[in-house]
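Residue strings, one per chain:
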Amino acid sequence: MIHAEARAIHVFRERFGEPPSLRARAPGRVNLIGEHTDYNDGFVLPIAIDRAVWVAARPRPDRQAYLIAADFGEEAGFSLDGLRPGSLRGWAAYPAGVAWALERSGVHLPGLDAVISGDVPIASGLSSSAALEVAFAVAWLTLSGREMPRLELARLCQRAENEFVGVRCGIMDQMAALFGRRGHALLIDCRSLETRLIAIPEEVVVLVADSGVRRELAASGYNERRAQCEEAVRRLQRRYPGIRALRDVSPAQLEEARAELPELIYRRARHVVTENDRVLAAVAALERRDLLAFGEGLNASHESLRLDYEVSAPELDTLVEAARSVPGVYGARLTGAGFGGSILAVVQREAVQAASEAMARLYEARFGRRPALFAVAPDEGATVHLHAI
Ligand code: GLA
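Residues numbered from 1 in each chain as written. Predicted model: local features only at pLDDT ≥ 70, side-chain atom pairs only at ≥ 80, totals over all residues. Heavy atoms only, no water.

Caption draft 1: Geometry of the site of the ligand. Taken together, the neighbourhood of the ligand is formed by Arg 29, Glu 35, His 36, Asp 38, Tyr 39, Cys 169, Gly 170, Met 172, Asp 173, Tyr 222 and Ala 337. Gly 170 is positioned with one of its backbone polar atoms (N or O) 2.8 Å from an oxygen atom of the ligand. Residue Tyr 222 places a side-chain N or O atom 2.6 Å away from an oxygen atom belonging to the ligand. When isolated, the ligand has an accessible area of 300 Å², and the protein chains bury 93% of it. Split by residue class, the shell around the ligand holds five nonpolar, two polar and four charged. (Near = heavy atom within 4 Å. Polar contact = N/O pair within 3.5 Å; in protein donor to acceptor, adjacent residues only side chain to side chain. Areas by Shrake-Rupley, 256 points an atom, 1.4 Å probe, with all protein chains shown as cover. Nonpolar A, V, L, I, M, F, W, Y, C, P; charged D, E, K, R; others polar.)

Caption draft 2: Broad picture of the pairing of strand 5 (residues 111-118). Where burial is concerned, most of strand 5 is hidden: seven out of the eight residues are buried. Taken together, the eight bridges between strand 2 (residues 43-60) and strand 5 define a ladder with antiparallel strand orientation. Counted as the bridge partner of Arg 58 is Asp 113 from strand 5. In the sheet, strand 3 (residues 64-69) pairs with strand 5 via five bridges, with the strands oriented parallel. In the strand pairing of strand 5, Leu 67 is matched with Ala 114. (Buried < 20%, exposed > 50% of the residue type's maximum accessible area, 1.4 Å probe, protein only. Helix = DSSP H or I, 4+ residues; strand = E, 2+ residues; numbered from the N terminus. Pairing = 2+ DSSP bridges.)

Caption draft 3: Layout of helix 11 (residues 352-367). Compared with an ideal rise of 1.5 Å per residue, which puts 16 residues at 22 Å, helix 11 spans 22 Å between its outermost C-alpha atoms and is within 8% of the ideal. Contacts made by the buried residues of helix 11 are with strand 8 (204-210), helix 10 (314-324), strand 9 (329-335), strand 10 (342-348) and strand 11 (372-376). Positive backbone phi, approximately 70 degrees, marks Gly 368, located one or two places after helix 11. (Expected span 1.5 Å × (residues − 1). Contact = heavy atoms within 4.5 Å.)

Caption draft 4: Here's a closer look at the packing of helix 4 (residues 150-165) against helix 5 (residues 172-179). Between helix 4 and helix 5, the least distance of the axes is 9 Å, while the angle of their chain directions is 140 degrees. Like other packed secondary-structure pairs, helix 4 and helix 5 cross with a definite hand, here right-handed. Only Gln 174, Met 175, Leu 178 and Phe 179 of helix 5 make contact with helix 4, whose side of the interface consists of Arg 150, Leu 151, Leu 153, Ala 154, Cys 157, Gln 158 and Glu 161. Of the residues in the contact of helix 4 with helix 5, the class split is seven nonpolar, two polar and two charged. (Axes fitted to C-alpha atoms, helices over the stretch in contact; angles between N-to-C directions. Left-handed = near helix turned anticlockwise from the far one by under 90°.)

Caption draft 5: Layout of the environment of Arg 235. For Arg 235, the location among the structural elements is in helix 6 (residues 218-239). Separated by 30 residues in the primary sequence, Arg 235 and Ile 265 place their C-alpha atoms 9.6 Å from one another. The residues contacting Arg 235, other than those within four sequence positions of it, are Glu 260, Leu 261 and Pro 262. A polar contact is formed between the side chain of Arg 235 and the side chain of Glu 231, at a distance of 2.9 Å.

Caption draft 6: View of the side chain of Arg 29. Locating Arg 29 in the fold gives a position in strand 1 (residues 22-33). Reaching out from Arg 29, the side chain makes a polar contact with the side chain of Asp 173 at a distance of 2.8 Å. The contact partners of Arg 29, leaving out residues within four places of it in the chain, are Pro 46, Ile 47, Ala 48, Ile 49, Gly 125, Leu 126, Ser 127, Met 172, Asp 173, Ala 176, Thr 335 and Gly 336.

Caption draft 7: View of the pattern of salt bridges. Considering all chains together, one arrives at 37 salt bridges under this definition. Note that Asp 210 and Arg 214 form a salt bridge whose closest N and O atoms lie 3.4 Å from each other. Judged by its relative accessible area of 39%, Arg 214 falls in the partly exposed class. A salt bridge links Arg 370 to Glu 364, with the nearest nitrogen and oxygen atoms 2.8 Å apart. Take Glu 364: its relative accessible area is 35%, and that puts it in the partly exposed class. Taken together, the shared-partner salt bridges in this structure form one network comprising Glu 255, Arg 258, Glu 263, Arg 267, Arg 268 and Glu 310. (Salt bridge = Lys/Arg side-chain N within 4 Å of Asp/Glu carboxyl O.)

Given below as structure tokens:
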């Protein structure tokens, strides 16, 4: 397969008869642990991965955006002057939302011609949408000759997705795409937005298995979980008036208030408060290179997502079960929002083959098709290259 970067440039030259004036790259992410905690002001531990969305672009003298999705043979166009939330659907809503958010923050944008190509699987829980947003954000900003702190860009892309596209995502994916570093995971405090780089030991491989399941319900299920967390906070505030988010509640406080919460809301909250503790424990385990403890945390996270948060699926449970049955697999869990998508397994290098085979075999036996399996490496956040020719 031709590399996505080369493909974006190649298609650009073919369609526009000249090289792009810049190319921007933004990576997908795999979240190691800390799921559904970002919108509760909690902790997350993603890695930016060595798969990315590439955008090759040139400015236009007018206010039109003309976009080509090279991997699908699709095209879209819009005017920067007519952008309103909800006015675009499909993949073009992400770049359009970014343009809308940039202009609202006072950046005047030129129109652009752009070709997009990527190797982040779409709708797989690996944040291809945040990668698309961030790639356009850095491309457009560069074309307009402006600079903006990366933290502000992350917030801006989240706003584009929340308000323009209409998905109430947290900020983890955009932060990972902007702040990822090779060889490291990124601990993010989603309240203060402080980040800390955590080295990933060389001897471990992060293996991803994409179930291929795409749930129509994912967006509504996600928004419903957010609403349930908000309800938990409202009820818990009666007993603990000082709390602002589930981040402020300890597991012991939650137990004390259990009788005051409907069972379902209690379980949703229990996932979040225990998951926050698991993230911090996982970081401590990585820092003392205790991969067994790290892996156990991953496994516990999956169980909590499966039973308390109820965002797993039989396909994901099967992949996790198969991975865990192989010696040399430290732990496995679903990654991303859930309802379908991918799992990750943290595996000793020598066990990669056996773990891949075990997952493929059990998955095929139960569901009659094969998962997509690939290793990912922690990589750098977004970059822009001016095309010097
Ligand atoms: C999606 C969202 C993130 C985060 C995860 C769940 O990827 O975009 O903000 O909430 O789900 O952890």
